[in-house]
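Architecture at a glance
In case you want the letters, here they are:
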Amino acid sequence: MPDGSLRLQDGGRGRGKMVMIPLKALMLAFALLMLSASGNGYVLHIFGNANLDDDINDQDLAYLERIIEGTEEPTWLSDADNNGEIDESDISLVQSIINGTPSEITIVDSDNKTVTVKQPLERLVVYTHQCAEILQLLGAEEKVVGVRDTFAEQPNRFPRLSKYQSIGSGGEPDVEAVLKTNPDAILAYTWYPSEESLDDKLPPEVEVLRFDCECSGQGPDDMRERVRLLGILMGARDRAEEYLQWHDAILDQVEDEVRKIPQNERVRVYLESTPEGDRPMSSRTAIGTGHAAHKLVEMAGGVNIAAGRLPGYEDTAFEYGEIETEWVLSQNPEVIVGRAMGPGIRPYENVNDSLLESYAQDIRSLPGFDEVRAVKNDGIYIITNDYAITPNYPSAVLLLARWFYPDRFADIDPQAAHQEYVNMMGLDYDVREKGAFFFSEEQAEDL
């Protein structure tokens, strides 16, 4: 909008008249509506979501009508076809989105990029494991025509996708292999593969959609928005709602109980990741605020003792970095949680938990840690990244809550919740009998 305004097609008695709305007024209306929406949930980032709530439905049609009549201010997502005008064509497009029959949908992806996506999507290339899990939840894996090389290593987690054509690694994508699949769109991480290695080498008709499909350090609404948005793009609204009902029922259950625990009585947790430094006996890789694992601990009622004491990771707001074991000793945490990731950690594929047990033993054997409360009381717990930081994260929150407060959560079954998730993905897989998703010195036999 080079003139700093948005044109509105008058839908009343003066139909056809163009009304100019100053950009300042538009931004004010946007700010007010964002405040309103933030009090009632998240904003679904689809153009046509005129009232800036968490869905696109008949309420948006009514809102668009009022904008055209001049009784409501436009919002930044009102212009469904993103052509600079709000008129009857926007109403028609929103109606088709509601009916599941649009020819295209314009969205804002996790990289804050506005992308117009053809509909229906029939041929997808996928780089991100977490988004692939969502596709399985949506029953949309048959739309995939190519995956990155690491899918082949995970036939239990991705029984169908692991057999698809490899399009190279994320670090060095094979653009020629990508193009041979004739994709409609590519699902990638926000940061990986880089635009220089992928986007810039593709023809303009192939869109790259960058989505963060893992648990967010900001809270559950990011996952809710992502699944609902992908459900609409994939023509699978009902399957998306099935997941969201599961997601919210579990988190509500934990939140209701955690809310009863006074802040000064909550478990103090030292949270770390598989050590990345060259001095693992004296310096550990700790996790702080902004990180997904920190959010899991927080939702489960734990207090992360490293929060606020770590640097931002690569100049981001995510706290992640080295912390001295002497400091951990001085804090004497009640619980230690290690996030296991890296070579060999494929929880759906590992036949036993020996790698996770070894990680727990490494923590137990740190100098002086035999005097730490977490070690004395068998309070060392290991979770795997591909179990806990995926769309399955509500079951991981249940698990952490049971570890932190065994009396309060004695009757809950985290593995049953995980099994429900696996069933929704359509996997023939028993999480009690297969895989290695977590390790607990105290509760492994019970869970």
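Everything below is about the structure printed above this text.
An account of the accompanying structure is given in this report. (Residues numbered from 1 in each chain as written. Predicted model: local features only at pLDDT ≥ 70, side-chain atom pairs only at ≥ 80, totals over all residues. Heavy atoms only, no water.)

Here we look at the overall build of the chain
For the chain, the helix and strand inventory stands at 14 helices and 16 strands. When each of the 447 residues of the chain is scored for burial, the buried share is 56%. Contacts in the chain between residues at least 24 apart in sequence constitute 61% of all its contacts with a sequence separation of at least 6. Looking at the chain as shown, the accessible area adds up to about 19300 Å², and 47% of this sits on carbon and sulfur atoms. (Helix = DSSP H or I, 4+ residues; strand = E, 2+ residues; numbered from the N terminus. Buried < 20%, exposed > 50% of the residue type's maximum accessible area, 1.4 Å probe, protein only. Contact = heavy atoms within 4.5 Å. Areas by Shrake-Rupley, 256 points an atom, 1.4 Å probe, with all protein chains shown as cover.)

Quick look at the nonpolar core
Membership of the largest hydrophobic core comes to 99 residues, with the highest contact counts inside it found for Ile107, Phe211, Tyr243, Leu296 and Phe404. With residues near it in sequence (within four places) discarded, Phe211 still touches Ile107, Asp109, Ser110, Cys131, Leu187, Ala188, Tyr189, Thr190, Arg226, Leu229, Leu230 and Leu233. In this structure, Ile323, Ile336, Ala360 and Phe439 belong to the second largest nonpolar core, which totals 24 residues. (Core = buried A, V, L, I, M, F, W, Y, C linked by side-chain atoms within 4.5 Å.)

So, the side chain of Arg210
Structurally, Arg210 can be placed in strand E9 (residues 207-210). At 2.7 Å, the side chain of Arg210 and the backbone oxygen of Pro193 are in polar contact. If sequence neighbours within four positions are ignored, Arg210 has contacts with Asp109, Ser110, Asp111, Ala188, Tyr189, Thr190, Trp191, Tyr192, Pro193, Ser194, Glu195 and Asp199. (Polar contact = N/O pair within 3.5 Å; in protein donor to acceptor, adjacent residues only side chain to side chain.)

Comments concerning the pattern of salt bridges
Applying the stated criterion to the full structure yields 27 salt bridges. Note that Lys113 and Asp199 form a salt bridge whose closest N and O atoms lie 4.0 Å from each other. Here Lys113 is found in the loop between strand E4 (104-108) and strand E5 (114-118), whereas its partner Asp199 is found in the loop between strand E8 (185-188) and E9, with 86 residues between them in sequence. Look at the salt bridges and you will find they share partners, linking Glu133, Glu153, Arg157, Arg346 and Asp386 into a network. (Salt bridge = Lys/Arg side-chain N within 4 Å of Asp/Glu carboxyl O.)

Observations concerning helix H10 (residues 354-364)
Where H10 is concerned, the buried positions are Leu356, Tyr359, Ala360 and Ile363. With its buried residues spanning 95 degrees around the axis, H10 presents them on a single face. Packed against the buried residues of H10 are strand E10 (268-273), strand E11 (283-287), strand E14 (335-340), strand E15 (380-384) and strand E16 (438-440). (Arc of directions from axis to C-beta.)

Observations concerning the sheet that holds E9
The four strands lie next to each other as E7-E6-E8-E9, forming an open sheet whose pairing is parallel. Two strands close off the open sheet at either side, each with one partner strand: strand E7 (144-147) and E9. On average, adjacent strands in this sheet sit at an angle of 25 degrees to one another, irrespective of strand direction. Sheet topology places strand E6 (residues 124-126) next to E8; three bridges connect them, and they run parallel. Residue pairing for E8: Val126 is matched across the bridge by Leu187. (Pairing = 2+ DSSP bridges. Axes fitted to C-alpha atoms, helices over the stretch in contact; angles between N-to-C directions.)

Focus on the state of the cysteines
Overall, the coordinates contain one disulfide when judged by the stated rule. Through a disulfide, Cys131 is tied to Cys213; the S-S separation comes to 2.1 Å. Between Cys131 and Cys213, the S-S dihedral sits near 70 degrees, and the bridge is therefore right-handed. Highlighted residues: Cys131 in helix H4 (residues 129-137) and Cys213 in the loop between E9 and helix H6 (221-233), separated in sequence by 82 residues. Given the relative accessible area of 0%, Cys213 is considered buried. (Disulfide = S-S within 2.5 Å.)

Observations concerning the packing of aromatic side chains
The description of two aromatic rings rests on the distance between their centres and on the angle between their planes. Inspection of every chain in the model, using the stated rule, returns 16 aromatic pairs. Taking 6.0 Å as the distance between ring centres and 55 degrees as the angle between the ring planes, the aromatic pair formed by Tyr189 and Tyr192 counts as tilted. The same class applies to Tyr189 as to Tyr192, namely buried. Here the aromatic rings of Tyr243 and Tyr421 are separated by 6.4 Å at their centres, their planes lie at 65 degrees, and the arrangement is edge-to-face. You can see Tyr243 sitting in helix H7 (residues 237-258) and its partner Tyr421 sitting in helix H14 (residues 414-424), a full 178 residues away along the chain. Residue classification places Tyr421 among the buried residues on the basis of a relative accessible area of 0%. An aromatic cluster is defined as three or more aromatic residues linked by ring pairs; in this entry it consists of Tyr348, Tyr381, Tyr387, Trp403, Tyr429, Phe437 and Phe438. (Phe/Tyr/Trp six-rings, centres within 6.5 Å; stacked < 30°, edge-to-face > 60°.)

Focus on the environment of Thr114
Of note, Thr114 is situated in strand E5. Placed 68 residues apart in sequence, Thr114 and Ile46 show a C-alpha to C-alpha distance of 9.4 Å. Apart from residues no more than four positions distant in its own chain, Thr114 is found in contact with Phe47, Asn82, Thr106, Ile107 and Val108.

A few points about unusual backbone geometry
Both trends apply: most residues other than glycine have a negative phi, and most peptide bonds are in trans. Here the bond from Gln119 into Pro120 is cis, since omega is -5 degrees, no more than 30 degrees from zero. Within the element layout of this structure, Pro120 appears in the loop between E5 and E6. The omega angle of the peptide bond from Tyr192 to Pro193 is -5 degrees, so this bond is cis rather than trans. Among the secondary structure elements, Pro193 is positioned in the loop between E8 and E9.

Comments concerning the pairing of E5
Residues of E5 alternate between two faces, with Val115 and Val117 buried on one and Thr114, Thr116 and Lys118 left unburied on the opposite face. Relative to E5, E4 runs antiparallel, the two sharing five bridges. If you follow Ile107 over to E5, its bridge partner there is Val115. Here E4 folds back onto E5, and the loop between the two strands holds five residues, one of which, Asn112, carries a positive phi near 60 degrees.

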